[in-house]
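# Observations on chain architecture
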Amino acid sequence: MLRILELYSGIGGMQTAAQESGLPFKVEASYEINPVAIEVYCRSFPGAGKPRNILGLTVEDLTGLNPDIIMMSPPCQPFTRFLSVPQPPRMILLENVAGYETSQTREKLVDMLLHRGYTWQEFLLSPTQFGIPNSRLRYYLLAKLSTESFPFTTSQMVLTELPFCLCVPRGAPAQPHSKPCCQCSKPIKPSLQLLLQKFHSHYEECSTRNPSSGLPSLSRYLDADIDLNNFLLPEKVLKKYNMLLDIVNCHSQRSCCFTKGYAHYVEGTGSVIQHNTQADMTEIYSKVQMINDNEPLKIELLGQLELRYFSPEEVARLMCFPPCVTRSNDVRGEPAAITNGGCLVG
Ligand SMILES: C[S@@+](CC[C@H](N)C(=O)[O-])C[C@H]1O[C@@H](n2cnc3c(N)ncnc32)[C@H](O)[C@@H]1O
C-alpha cells in the first residue's frame, strides 16, 4: 500500500488520478488553503482528513508521515524544503504549467533531486494526446530514489510523448511478468497494464468514432438536458468581447484549457459553446462585424447562436473526473467556476 502525501491538493485531482490508476494507496495527509477547494475535496473524499495550510507543515510532521510518494501541483512557492527531510520520499509526482521546465524553481528542484539521489523524468503532455478533446499542455515530473527503477529508460530530455506505447489489446489479462507490447518491442510492466488497458479501450472507442483525429466530439462530454438559461453568456459579454471568444459546438473535437477566470474573464480562460448548431456562425459574425452603431441588432444576431458556458460537470468530465464527481448537484446551475489556483486541477 503506497502512503501518499498530497500537497496543494486543490479539489483532489491527484487523489482522483491515484484512484483511477487502480494501485493500492492511502493518503496520509493533504494540504490546501482555498476554502472552496477544501469543501469540494472533503465532499469527494469524505473519509479523508481536512486539508490544511502547508505553512504549518514541519520537518517533524513530514518525518512522522514518512510518505512513499509526494504528489503536488505547487503554485509559485518554494517547496523544495519538503525534500530536505532526513528520509526523503521514495517517489515524487509534480505537475505544473508549461514553461516550468525553464524556470528557476525547476532548476532548484532538479539540483535537490540530484543531491538527494533521485532519478527523474520530465514530460510536457496535453489531454489531446490521450484522446480527450481539451488542450491543456502541462509539465510533469516523476522522480524515484535511484534504488528504484522506472518501467522505461529515463532521458535528460523533457519528453513530449509517453516512453511506452498504449497498444495493449483490449481485455488482455494482466501478465505476471513484464512482456513486450503486442505491436512494438517496448516492455510493459505488469503494474502499468491496468492503466494502459483503460487508455486503450478509450482510444479504441475514439478512433472508431473519428478515425482521422482519434478524438471524440465534445457531445460525449456535454449535458443534453442543460438548463440553458443558467449558462448563457450575458449581453455585456456578447457586446464587448464577442471577438475574443473561443467558440466550439457539440461536434467540435477540441476545446481550450479552462482556468480559474472562466466565466469571470473572457480572453484565454476557456471555450464557450454554440448551443444552437442550426445557426450559421460565420454568417452571423460577418454581419456583426459590419454593424457599427446598432448594438441591439448585434446582440440579437449573436443571441441566435445561444452561446453558453460549459457547466462545472462538463468541465470536470473533460478533466476525466469520474461520474461520482461530475454528477454533483451542489454545483449545478452555475457556470464552471470550480477552479482554483489559477489552473483548474492538477
Ligand atoms: C495548482 S493548484 C493545485 C490543483 C490541484 N492539483 C487540484 O486537483 O485541484 C495549487 C493549489 O495550491 C493551493 N495553495 C496555495 N498556497 C497554499 C498553502 N500555503 N497551503 C496549502 N495549499 C496552498 C492553492 O489554493 C491551489 O488550490
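Residues numbered from 1 in each chain as written. Predicted model: local features only at pLDDT ≥ 70, side-chain atom pairs only at ≥ 80, totals over all residues.

## Observations regarding the pairing of strand β5 (residues 118-125)
In plain terms, the rule: DSSP calls a pair of strands paired once it identifies at least 2 bridges connecting them. Under the scheme used here, helices are H or I runs from DSSP no shorter than 4 residues and strands are E runs no shorter than 2 residues, and both carry numbers assigned from the N terminus.
Summarising the sheet, β5 and strand β6 (residues 138-145) pair through eight bridges and their orientation is antiparallel. Across the sheet, Glu 122 pairs through a bridge with Leu 141, a residue of β6. Note: β5 against strand β7 (residues 158-159), two bridges, orientation parallel. Pairing of Phe 123 across the sheet is with Leu 159, part of β7.

## With respect to the domain arrangement of the protein chain
The criterion, for reference: Bear in mind that the domain bounds are from an automatic or database domain assignment. Any residue pair is listed as a contact if its two C-beta atoms, each placed from the backbone, are within 7 Å.
Assigned domains within the protein chain: domain 1 (2-163), domain 2 (164-216) and domain 3 (219-326). In this structure, domain 1 and domain 3 have C-alpha centres spaced 33 Å apart. Across the contact, eight residues belong to domain 1 and ten residues belong to domain 3.

## Quick look at the nonpolar core
To keep it simple, the criterion reads: Put simply, a nonpolar core is buried Ala, Val, Leu, Ile, Met, Phe, Trp, Tyr and Cys residues tied into one set by C-beta atoms within 7 Å. Each residue is classified by how many other C-beta atoms fall within 10 Å of its C-beta atom, where C-beta atoms are placed from the backbone; a count of 20 or more means buried, 12 or fewer means exposed, and values in between mean partly exposed.
With 23 residues, the main nonpolar core has Leu 233, Val 272, Leu 307, Tyr 309, Val 315, Leu 318 and Met 319 as its most contacted residues. Put simply, the parts of the chain that give this core at least two residues each are β11 (272-274) and α10 (312-318). By residue number, the principal contributor to this core is α10, which donates three residues. Not counting chain neighbours up to four residues away, the residues in contact with Leu 318 comprise Ile 132, Asn 134, Tyr 221 and Ser 255. Counting 21 residues, the second largest nonpolar core, distinct from the first, contains Ala 18, Ala 29, Met 72 and Leu 113.

## What to know about the sheet that holds strand β3 (residues 69-72)
The line we're drawing: To obtain an axis, a line is fitted to C-alpha atoms, over the contacting stretch when the element is a helix, and the angle between two such axes runs from 0 to 180 degrees between their N-to-C directions.
If you walk across this open sheet you meet the seven strands as β2-β1-β3-β4-β6-β5-β7, and the pairing is mixed. Both edges of this open sheet fall to β2 (25-31) and β7, since each of them pairs with a single strand only. With six bridges joining them, strand β1 (residues 2-7) and β2 adopt parallel strand pairing. Looking at β2, one finds that Glu 6 is bridged to Ser 30. Strands β1, β2 and β3 of the sheet are contacted by helix α1 (residues 13-21), whose axis makes an angle of about 155 degrees with β1.

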